[in-house]
Amino acid sequence: QVQLVESGGGLVQPGGSLRLSCAASGSIFSINHMGWYRQAPGKQRELVADITSGGSTVYADSVKGRFTISRDNAKNAVYLQMNSLKPEDTAVYYCRGTHYEYDFWGQGTQVTVSS
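Residues numbered from 1 in each chain as written. Predicted model: local features only at pLDDT ≥ 70, side-chain atom pairs only at ≥ 80, totals over all residues. Heavy atoms only, no water.

(A) Main features of the pairing of strand S7 (residues 67–72). In S7, alternate side chains face the same way, and those of Phe67, Ile69 and Arg71 are buried while those of Thr68, Ser70 and Asp72 on the opposite face are not. Where S7 and strand S8 (residues 77–82) come together, 6 bridges link them in antiparallel fashion. Opposite Asp72, over in S8, you have Ala77 as the bridge partner. Here S7 hands over to S8 after 4 residues, with Asn76 in that stretch at a positive phi of 50°. (Buried < 20%, exposed > 50% of the residue type's maximum accessible area, 1.4 Å probe, protein only. Helix = DSSP H or I, 4+ residues; strand = E, 2+ residues; numbered from the N terminus. Pairing = 2+ DSSP bridges.)

What follows is the structure in C-alpha cells.
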C-alpha cells in the first residue's frame, strides 16, 4: 500500500515563502507523475504543479514564476518551493502520485497566507 505524506504547511505573511514536501512510502517503483493540487474553501481542487520522473514540469498560470516543483526519484519524494505568496494561495495543498492505473493522494497540508 502506497502512502503519500505531506509536510511543510503553515501560516506565512504575504510575500513570504514556504516549502512543501511529500514522501511516498511503500512504493517499489518510481511514480510516473507526482504533483501538487490545492483546494480553497468553496472552490474545486485544482492543479498547482506536476513533474514527471523525467523532470518535465507543468504549472498553473497563477503560480508560474513564483512556485517551483522538484523531485527526488530515489526517494519518490516531491517538493514545492513557494515564493512571493499571496493571500489567494491560501488552501489545503495535496500531494498526488499517478502511475498508470494507480492514483495516490496525500491527506493534505494547510497553507495560510495572511498578515
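On we go from here.
(B) Representation of the side chain of Arg71. Along the chain, Arg71 falls in strand S7. Polar side-chain contacts of Arg71 include one of 3.3 Å to the backbone oxygen of Ile51. Of note is the side chain of Arg71, whose polar atom sits 2.6 Å from the side chain of Asn73. Non-local contacts of Arg71, meaning those with residues more than four positions away in its chain, are made with Ser30, Ile31, Asn32, His33, Met34, Ile51, Thr52, Ser53, Asn76, Ala77, Val78 and Tyr79. (Polar contact = N/O pair within 3.5 Å; in protein donor to acceptor, adjacent residues only side chain to side chain. Contact = heavy atoms within 4.5 Å.)

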